[in-house]
Amino acid sequence: MPSLERLIAEVEPNVITEVLTRECIQIQGGEPDTAANKKRSMPFRDVECLAFSFKNLACIDNLRGLDNLTKLQLDNNQIKKIENLAHLTNLTWLDLSFNKISVISGLETLTKLVDLSLFNNNISKIENLDTLVNLNVLSLGNNQLTQLDNVMYLRQFKQLRLVNLAGNPICKDHDYRSYVLSHIKDLIYLDYRRVNPADVQAAREQHQDEMIELQEREEQQAQEEKLTAEREAHNKLMTQANLEGVETLIDDMVKEDPEWTRLVQVPNLLDPWNDIRDKFNVATDEFKASILDQHNRKKAEYEEWLNVVRGYLDEKDAEARKLIVEFEKAKKHTARTVVDNPALADNQILSLKVKLMSLKDQLMAIEMETVEILDGLVQEFDRAYSELAETNKGQYNTYFTQVRDLQNSFFNQLTSVAMTVFEKYNQENSDIESLPEDARTLLQDKDSLMNALQASHDAHMQKIDALEDRLISQELRSANDLTSSNATWATRRNRDRISEIINYVERNVLELDELAGDDDGGES
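The model shown is predicted, which means the values in this text are computed figures rather than measured ones.

The rules behind the values
- Residues numbered from 1 in each chain as written.
- Predicted model: local features only at pLDDT ≥ 70, side-chain atom pairs only at ≥ 80, totals over all residues.
- Heavy atoms only, no water.
- Core = buried A, V, L, I, M, F, W, Y, C linked by side-chain atoms within 4.5 Å.
- Buried < 20%, exposed > 50% of the residue type's maximum accessible area, 1.4 Å probe, protein only.
- Helix = DSSP H or I, 4+ residues; strand = E, 2+ residues; numbered from the N terminus.
- Contact = heavy atoms within 4.5 Å.
- Domains from an automatic or database assignment.
- Phe/Tyr/Trp six-rings, centres within 6.5 Å; stacked < 30°, edge-to-face > 60°.
- Lys NZ or Arg CZ within 6 Å of the ring centre and 35° of its normal.
- Pairing = 2+ DSSP bridges.
- Salt bridge = Lys/Arg side-chain N within 4 Å of Asp/Glu carboxyl O.

Participant: How should I be thinking about the nonpolar core in this particular structure?
Facilitator: Across soluble globular proteins, you tend to see nonpolar side chains buried next to one another. Of all hydrophobic cores here, the largest spans 57 residues; its most connected members are Phe52, Leu72, Leu85, Leu94, Leu107, Leu116 and Leu129. Contributions of two or more residues to this core are made by helix H4 (176-183) and helix H5 (197-206). A per-element tally of this core places H4 first, with four residues. Ignoring anything within four residues of it in the chain, the contact list for Leu107 reads Ile82, Leu85, Leu94, Leu116, Leu129, Thr131 and Leu132. Trp260, Leu414, Val421 and Ile464 belong to the second largest nonpolar core, which has 43 residues in total.

Structure follows, in structure tokens:
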């Protein structure tokens, strides 16, 4: 029988408001009065746990600003649709049990979820959870799951250890428990019961044929995923090292050649291409190795520079921190003195204000020195990194000169072979009629043949030139962008630090004025 709270909820649905949200903030530990005050005042960005249990909610909404939420309870409401949760990407625990949800959706961005409860809803299919790779606990008990093979969907979750499906129609199937234990790996608990390894072994034997086929498919899929990951990692490295398009250049030249499909039909015409291709691959491998070495040098140069900058900033921060700690101690001492001996308040506060101004000067001096040193470090990095970029530019020029030489050599050989083939098929009793139409067209007209060879050559050279221009431009632009971002960062850091110093001083001046005012009030 439904509880009184639930009956009321069905009659008077509620919505999430700021007032309700603050009521539902969960504070761990502390006195009740302190917790209540904290609920009323804490910024939503600091809230980590909310419990909207039994709040008569008809929908999920108005959770903006709660981006750091890690635990959310929405159980025992009237919610029909999972929505408006996409921004809560830090959630690890979500309870949507005892609602009226019929479709699993709206959880795609909650990739940190570890514990998800959809117990006691109207769900008929397990779906739309693919991105929740960290899922460890899943409760789907008391729903409307009718297809036993739908449980296979859960096999993809490598971290899943506790599953509850009790109370669903599938549980009436004779093979239910053995099917689940054989198809979901590494379960520790199923339907409130600890899983016995012997039961798992028996279940796998019962479904042996299916499991062997499944395992073979998974191994093949794992191999394909591994190859895909390796290919993606390689392509990423090529892009980072500014080698994108180099490995595919020779294939791209052929692919974008408007005459290649016709030329390839002429017997023996493209025989020189194989030799040129081999030489091209050797030149490309040497070039790639050289640029990748330079890429590693650039990364090392940047990392070394960052370490120097971090070390220097840590040193100056420690120097500034020491000065601030000394002032804070003096401020506490002054506050105690004013309380204990109000007659000394004016002199004590005036003395502390003098120390505050001195502190401001010292902090500003540290910052000015820091700016000067950072400026020198940025300029030094700019010089060293630009030298590496210029070295790379020279290597690009050398490589593409080699490629053009190979293309010119191929064109010369191709022209020579073309004349031989042309003469052969224009003799009496030649078998030119046995050739494909495109080949006959080319071999029956010398000008057409020469024009086709020239067009093919021009297309190859244009591809080579375009790639060289793009890579050199990208190399210099990347170097400029990095050095520019370093200078921008240094400027922004200085501006922020100056602002911090000024705000710190102004805040302390106000505190000292308030301290002096409190003392005056105490005397009056």
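Participant: Please explain the domain arrangement of the protein chain as it appears in this structure.
Facilitator: Split by domain assignment, the protein chain resolves into domain 1 (13-224) and domain 2 (248-516). Just the C-alpha atoms count here: the centres of domain 1 and domain 2 sit 44 Å apart.

Participant: Explain the packing of aromatic side chains here, please?
Facilitator: We describe a pair of aromatic rings using the distance from one ring centre to the other and the angle between the two ring planes. One pass over the full model with this rule turns up 13 aromatic pairs. Plain terms: the ring middles of Phe287 and Tyr399 are 4.1 Å apart, the flat faces sit at 5° to each other, and that makes the pair stacked. Of this pair, Phe287 sits in helix H9 (residues 272-340) while Tyr399 sits in helix H10 (residues 345-425); the two residues are 112 residues apart in sequence, bridging distant segments of the chain. Tyr399 matches Phe287 in its accessibility class, with the two residues each being buried. An aromatic cluster is present here, built from Phe287, Tyr396, Tyr399 and Phe400 joined pairwise through their rings. Positioned above the aromatic ring of Trp93 is the side chain of Lys71, whose terminal nitrogen or guanidinium carbon lies 4.5 Å from the ring centre.

Participant: I tried to follow the sheet that holds strand S3 (residues 93-95) on my own but got confused; where do I start?
Facilitator: Through backbone hydrogen bonds, the strands of a sheet pair up, either in parallel or in antiparallel fashion. Pairing is mixed across the open sheet formed by eight strands, whose spatial order is S1-S2-S3-S4-S5-S6-S7-S8. Every other strand in the sheet has two partners, leaving strand S1 (49-51) and strand S8 (193-194) as the edge strands with one partner each. The sheet contact formed by strand S4 (residues 115-117) and strand S5 (residues 137-139) spans three bridges and is parallel. The residue bridging Leu116 from the neighbouring strand is Leu138, located in S5.

Participant: For this particular structure, what's the right way to read the pattern of salt bridges?
Facilitator: Close approach of charged atoms lets side chains of opposite charge pair. Inspection of every chain in the model, using the stated rule, returns 25 salt bridges. With a closest N to O distance of 2.7 Å, Lys288 and Glu247 form a salt bridge. One end of the pair, Lys288, is in helix H9; the other, Glu247, is in the loop between helix H6 (208-240) and helix H7 (249-255), with 41 residues separating them in the sequence. Residue Lys288 is classed as buried on the basis of its relative accessible area, which comes to 15%. Glu247 sits in the partly exposed class, given a relative accessible area of 32%. A salt bridge links Glu367 to Arg493; the nearest nitrogen and oxygen atoms lie 2.5 Å apart. Separated by 126 residues along the polypeptide, Glu367 in helix H10 and Arg493 in helix H12 (residues 446-523) bring together distant segments of the chain. Note on accessibility: Glu367 and Arg493 belong to one class, buried. Residues joined by salt bridges that share partners form a network here, namely Arg155, Lys185 and Glu218.

Participant: Even after reading the chapter, I still don't get unusual backbone geometry, so can you show me in this structure?
Facilitator: Most peptide bonds are trans, and most residues other than glycine sit at a negative phi. One non-glycine residue with positive phi stands out, namely Asp186, at about 60°. With respect to the helices and strands, Asp186 occurs in the loop between H4 and strand S7 (189-190). Although it is not a glycine, Asp191 adopts a positive phi angle of roughly 55°. Structurally, the position occupied by Asp191 is in the loop between S7 and S8.

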